[in-house]
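Topology and contacts: notes
The chain contents come next:
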Amino acid sequence: GASAAQSFSITINSALAFTTTSPLAPGTAGTNYSVTFAATGGSGPYTFTTSNPPQGLLLSSAGVLSGMPVAGTFMLTVTVTDSLNNSISMQFSVTFVSAGPLLQVSPLALIFSAAFEGDAPPPQFIDVVPIGTQPINFTVKVDGGAGVAAPNWITVKPLTPTAPARLVVTVNQGTLATQSSNARVQVIDTSGNAIVVMVTLNISTASPQLQVVPDTLHFAARSSTPGTLVETLGVRSTGGGGPVSYSTVVQNNSSWITGITPASGQTVPNSTVFLKVQINTQGLQVGSYHDVILFSSNGPAISVPVALFVSASGAILDLSVTGERFQARSGGGFSNPQTVEILDVGDAGSSLAWTAQFMSGSQYFSATTLSGNATPTTPGTLTLAPTASALQLPAGGYYALLKISSSALNSPLYIVLVLDLADPATPPLPDPSPAGVVFIGPAGQPVSTGQTVNINTSSSSPVAFQVSVLTADGGNWLTVNPSTGTASGSSPAQISLTVDATQLAAGIYSGEADISMSGALRSVNITFIVEPASATTAERASSDHAIRAAGSCTPAALALTETGLVNNFAIPAGWPAALIVQLNDDCGNTISNSSVTASFSNGDPSLMLRPTQPGAYSATWQPGAMSAQMAITIQAQSTTLKPAMVQLIGTINQNPNAPPMIAENGTVNTFNRVPAGALAPGMIVEVYGLGLGTAKGNTSGLPLPTSFQGTSLIVGPYQVPLYYVSSGQVNVEFASELTPNQQYPVIAILNGALSVPVLTDISPIQLGVAALSDGHTIAQHGVGSAYITEASPAKQGEVVVIYLSGMGATNPAVKSGAPAPSSPPFAEVTVTPTVTLDGQAASVQFAGLTPGFVGLYQVNFQVPTNAGTGDLTLVVSQNGVPSNATRLPVSK
């Protein structure tokens, strides 16, 4: 064994002769080795020196040889000197054998799929962590196999890092047509052990297709401050075949969409083309507006819904995130509470008092406060953490629903909390906070103030961790202290990150702190904004963009830092992840007027990140498709500054406790399925998603139940009535009691598990006419009579009955879930509709809820006696809001 101290005697006699035991005992490379030399005779004290210690070992003047050696056989010369300056030397031979790899590497195989002449696929990662307790240097070698040079389609960075480290592997197939190509990445430790990661590039032939991010544009405006708003669409090509030409058109030519720049163009290989979509809210009333941007290319047309909601004046309640996941181990403790900001995004000078109430799960979570105040410049804060008793529960997923209420018209909103409690037998994982940091400092100088990152974990006993830092440019401007330590569930560790711009020119630099624990690695995102050395102290200290821009630093580019989600993330499918970014320019100013989007290589719908506080943008992501290797691409666009882009790489794991999920644009009018369209109180709504129910079928009984076989749905303050339940679709009645011209969250619940809230616009009226899949109106020859078909058309002058949804308020009002009156007074709509057939007005005899039914409207009208024949286009309107167009067969 090499770990125990051993004694060897060197005797100095009057003739300066000595005796000793040689060779030294063999040791194991990469492990602690310690030998103590002793001297007798002569005149002490003695000093020991050596000129050639084995690599990794040091000899102290007291004669202790210690360290973590590399493998090999070494000759060691030791010289002992007494107080009278008598000295004598002795050679020792010692062999250190390799104990196997000193590093853990995962995964051991990467597979990339690319299209011939298409864009490069997303990058993937290789985690390298030390097996011992200390960071270890290693090297990376890339080749095509033994004796074969590295192919030119693969790049690995960095090549000479220190473990723990995250290797990023990128491939670019270029014009390579070979169906399958291979390469090797060798990770070589200091003992010469090589761990091989095989990389395969599969190339297929695929037609070029246009991709537009985000899938839907959402604009929010206030009626009190009309003006111009701009959001950005990113366009690129998927598949192969080179660039794709495209053109755009606004489907309904809405006047409030004032420009798409450029309206046409061509994709650029391995890059994104940005289009600016401008709207003007001048003259628009409070409410919801909708149109579609159509993209035409040589592939299938793409529709991008554009939704605008204009809110009333006053305070508007908002949240920085709507879902948080807390990871812990049963019995392991917890030290990483999360803070949610309660926002007032209304008019300047407004304010709101808010309260928080646990609707469920109060036994699992606690809050530091349950009330507060918020203004547009000062948010409220809500700090949340699992309760001590919840941390002792068996492994599983535990949910809480926190309701945030205020005097704002769009109250309430909700926060979904998930305690992801792992089995105590699983290894404790690193959970650093914050997930990203930003440094700002002048060129040519060190930054005097470091930033602290907490190393959290869930363990009842201390767990060792290791840290190393990497910079994208390979520079040594970033340091960390300490590089090792321990953390537990009750005592998180702290590391200090410092930066030095002594050797740096002005610009934006990126790096990361890689933290390993229990073989897992998480990476903290780091941005260093280096200002020109000529900037004055006052300019650097000023938070005023105009002052800094007028000084010696003129902004030219955006700097984007993800602060909510670590790189190398690992998230169970279905549980929320907070995407929070800090956006600055290259002078260090915070930027609050940009368009920020996130897209996901696993196929999840893209997201728009909303501005919350100056320079901060956020969204709550509910990961869907599982993926061992996936990339999140976050892009920021501003009017005049160079865009910024960051990529996070990580894993979406299988979740045995997966919650329900509502699909993007998954709440639609049952008779007029407009993606991202507004809905109305009392409307029959189809809700699409995953895991929405365990049962399948229609509910029974009147009034309609608000819960069925464990499934329920919350819309704003109400649990709404259910018509039909299945795993992928739930049909509900949006509560007739909802206040129109507001936005409300929608949450699916299945046996206590909660979906992430999705926001839906509520308008007074949103018409949908029932029709068959071929577009023919579902209509009857009078009440209770046979259905109108092409074989049995309506007659000129005949009274027909059609069925609708979303016609709004009635008199008398009918409670949600209850059937409409079957005898007078019938529930007639308060806004009289118009019916046209091929543009000709028809006489309406009745418009209201269908007697005995829940949420179903009907209109009885007379076909004009001089109407045309054939399939006539039927449109119903209320207060200028038109329905979908259907076709009614008419004959003489």
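These numbers were taken from a predicted model, which means no experiment stands behind them.

Quick look at the overall build of the chain now. Looking only at helices and strands, the chain has two helices and 75 strands in total. Projecting the C-alpha coordinates of the chain onto the three principal axes gives extents of approximately 135 × 60 × 55 Å. When the accessible area of the chain is evaluated, it comes to approximately 35,400 Å², of which 52% is carbon and sulfur surface. Taken as two groups, the 21 positive and 39 negative side-chain charges of the chain have centres that lie 4 Å from each other.

What follows covers the sheet that holds strand 41 (residues 478-481). Taking strand neighbours across the sheet as the criterion, the four strands line up as 37-39-43-41 in an open arrangement whose pairing is antiparallel. Whereas interior strands pair on both sides, the edge strands pair on one side only; in this sheet they are strand 37 (431-433) and strand 41. Averaged over all neighbouring strand pairs, the angle between strand axes comes to 25°, with direction disregarded. Examined bridge by bridge, strand 41 and strand 43 (residues 493-499) share four bridges and lie antiparallel to one another.

For the rest of this paragraph, the subject is the sheet that holds strand 24 (residues 264-266). If you walk across this open sheet you meet the five strands as 20-27-26-22-24, and the pairing is mixed. Looking at strand neighbours, the two that pair on one side only are strand 20 (217-222) and strand 24, the edges of this open sheet. The average undirected angle you get between the axes of adjacent strands in this sheet is 20°. Direction of pairing for strand 22 (residues 245-250) relative to strand 26 (residues 287-296): antiparallel, over a ladder of four bridges. By the bridge assignment for strand 26, Val250 is matched with Ile293.

Ranked by size, the top nonpolar core spans 32 residues in total, and within it Leu382, Ile404 and Leu419 carry the most contacts. For this core, the secondary-structure elements that each account for two or more residues are strand 28 (317-319), strand 29 (323-329), strand 30 (338-344), strand 31 (352-360), strand 34 (380-386), strand 35 (396-406) and strand 36 (413-422).

Time to look at the pattern of salt bridges. The tally for this structure, following the rule as stated, stands at eight salt bridges. A salt bridge links Arg184 to Asp143; its shortest N-O distance comes to 2.9 Å. One end of the pair, Arg184, is in strand 17 (residues 180-188); the other, Asp143, is in strand 13 (residues 139-143), with 41 residues separating them in the sequence. According to the relative accessible area criterion, Arg184 is buried, its value standing at 19%. Salt-bridge contacts for Arg673 lead to Glu686; the nearest nitrogen and oxygen are separated by 2.7 Å. Taken together, the residues Arg673 in the loop between strand 54 (661-669) and strand 55 (684-690) and Glu686 in strand 55 connect sequence positions 13 residues apart.

Below, the discussion takes up the environment of Ala847. In this structure, Ala847 sits in strand 71 (residues 840-849). Once the C-alpha coordinates of Ala847 and Ile634 are considered, the two residues, 213 residues apart in sequence, prove to be 49 Å apart. Not counting chain neighbours up to four residues away, the residues in contact with Ala847 comprise Met807, Glu828, Val829, Pro833, Gln858 and Val859.

Before going further, it helps to spend a moment on the state of the cysteines. Per the counting criterion, the structure on display carries one disulfide. Paired by a disulfide, Cys553 and Cys587 hold their sulfur atoms 1.9 Å apart. Classification of the bridge connecting Cys553 and Cys587 rests on its S-S torsion, roughly -100°, and on that basis the disulfide is left-handed. With Cys553 in the loop between helix 2 (545-550) and strand 46 (558-562) and Cys587 in the loop between strand 48 (577-585) and strand 49 (595-600), the pair connects residues that are 34 residues apart, well separated along the chain. Each member of the pair, Cys553 as well as Cys587, is classed as buried.

Another aspect to go through is the confidence of the model for the chain. Interpretation of this model should avoid reading the predicted coordinates in detail wherever pLDDT is low. Residues with a pLDDT of 70 or more make up 95% of the chain, whose mean pLDDT is 93. Counting interchain partners and residues more than four positions distant, the pLDDT-below-50 stretch residues 1-8 has 25 contacts. Contacts of residues 12-19 to residues separated by more than four positions or lying in other chains number 19 contacts, the stretch itself having pLDDT below 50.

What follows deals with the packing of aromatic side chains. Scanning the entire structure with this criterion turns up 15 aromatic pairs. Here the aromatic rings of Phe326 and Phe334 are separated by 6.0 Å at their centres, their planes lie at 55°, and the arrangement is tilted. Each of the two residues, Phe326 as well as Phe334, counts as buried. Centroid distance Phe439 to Phe528: 6.5 Å. Interplanar angle 75°. Geometry classified as edge-to-face. Here Phe439 is found in strand 38 (residues 436-442), whereas its partner Phe528 is found in strand 45 (residues 520-531), with 89 residues between them in sequence. The residues Phe439 and Phe528 share a single accessibility class, namely buried. Feature note: the residues Phe439, Trp477, Tyr509 and Phe528 constitute an aromatic cluster, connected by ring pairs.

Let's shift gears to the pairing of strand 75 (residues 886-891). Along a regular strand, successive side chains alternate from one face of the sheet to the other. Most of strand 75 sits inside the fold, with five of its six residues counted as buried. As defined by bridge partners, strand 66 (residues 794-795) adjoins strand 75 across two bridges and the pair is classed as parallel. For Ala794, the partnering residue across the bridge sits in strand 75 and is Val890. Note that strand 73 (residues 870-878) and strand 75 share five bridges and pair antiparallel. Considered in strand 75, the bridge of Leu874 is made with Thr886.

Attention shifts here to the pairing of strand 61 (residues 742-750). Across the nine residues that make up strand 61, a large majority, eight, are buried. Bridge count for strand 57 (residues 711-715) against strand 61 is five bridges, and the pairing is antiparallel. Note that in strand 61 the partner of Ile714 across the bridge is Ile747. Both strand 61 and strand 63 (residues 758-762) contribute to a ladder of five bridges, which runs antiparallel. When the bridges of strand 63 are listed, Val746 appears paired with Val758.

A cis amide bond, omega 5°, links Ser411 with the succeeding residue Pro412. Secondary-structure assignment places Pro412 in the loop between strand 35 and strand 36. In this model, Ser433 is joined to Pro434 through a cis peptide bond whose omega is -5°. Look at Glu117: it is not a glycine, yet its phi comes out positive at around 60°. Among the secondary structure elements, Glu117 is positioned in the loop between strand 10 (109-115) and strand 11 (124-130).

For the rest of this paragraph, the subject is the side chain of Gln466. With respect to the element layout, Gln466 can be found in strand 40 (residues 463-471). Side chain to side chain, Gln466 and Ser516 meet in a polar contact 2.6 Å long. Ignoring anything within four residues of it in the chain, the contact list for Gln466 reads Pro130, Gly132, Thr133, Gln134, Pro135, Pro164, Ser483, Thr484, Asp514, Ile515 and Ser516.

This part is about the side chain of Glu686. Judged by its relative accessible area of 5%, Glu686 falls in the buried class. One polar contact links Glu686 to Tyr688, side chain to side chain, over a distance of 2.6 Å. Other than its neighbours up to four places away in sequence, Glu686 contacts Gly666, Thr667, Val668, Thr670, Arg673, Gln729, Val730 and Asn731.

With respect to the helices and strands, Thr789 occurs in the loop between strand 65 (779-780) and strand 66. Overall, Thr789 belongs to the partly exposed group, its relative accessible area being 36%. Polar side-chain contacts of Thr789 include one of 3.3 Å to the backbone nitrogen of Ala791. In terms of polar contacts, Thr789 uses its side chain to reach the backbone amide nitrogen of Ser792, at 2.9 Å.

Rules used in this analysis
Here the residue numbers are simple positions, counted from 1 along each chain's written sequence. Whole-chain, interface and lining totals are the exception, using all residues; otherwise, since this is a predicted model, local features are given only for residues with pLDDT of at least 70 and side-chain atom pairs are given and counted only at 80 or more. The basis for the side-chain values is all heavy atoms of the structure; hydrogens and waters are excluded. Runs of H or I in DSSP of at least four residues are treated as helices and runs of E of at least two as strands, each being numbered from the N terminus. Surface accessibility in these figures is a Shrake-Rupley result with a 1.4 Å probe; residues are shielded only by whichever protein chains are displayed. We count Lys and Arg on the positive side and Asp and Glu on the negative side, and we leave His and both chain ends out. Here the site of a charge means NZ on Lys, CZ on Arg, CG on Asp, or CD on Glu. DSSP calls a pair of strands paired once it identifies at least 2 bridges connecting them. Here an angle of 0 to 180 degrees is reported between the N-to-C directions of two axes, which are lines fitted to C-alpha atoms, with helices fitted over the stretch in contact. By nonpolar core is meant a set of buried Ala, Val, Leu, Ile, Met, Phe, Trp, Tyr and Cys residues that side-chain atoms within 4.5 Å join together. Buried residues are those whose accessible area, probed at 1.4 Å on protein chains only, stays under 20% of the maximum for their type, while exposed residues exceed 50% and partly exposed ones sit between those limits. By salt bridge we mean one thing: a side-chain nitrogen of Lys or Arg within 4 Å of a carboxyl oxygen of Asp or Glu. Note on contacts: a residue pair qualifies if any of its non-hydrogen atoms lie within 4.5 Å across the two residues. We call a pair of cysteine sulfur atoms a disulfide whenever their separation is within 2.5 Å. Within a predicted model, pLDDT stands for the predictor's per-residue confidence, ranging from 0 to 100. Note on aromatic pairs: the rings of Phe, Tyr and Trp (six-membered ring only in Trp) are paired at centre separations within 6.5 Å, and the planes decide the class, stacked below 30 degrees, edge-to-face beyond 60, tilted for the rest. Two N or O atoms count as a polar contact when they lie within 3.5 Å, although within protein this holds only if one can serve as hydrogen donor and the other as acceptor, and sequence-adjacent residues are included solely when both atoms are side-chain atoms.

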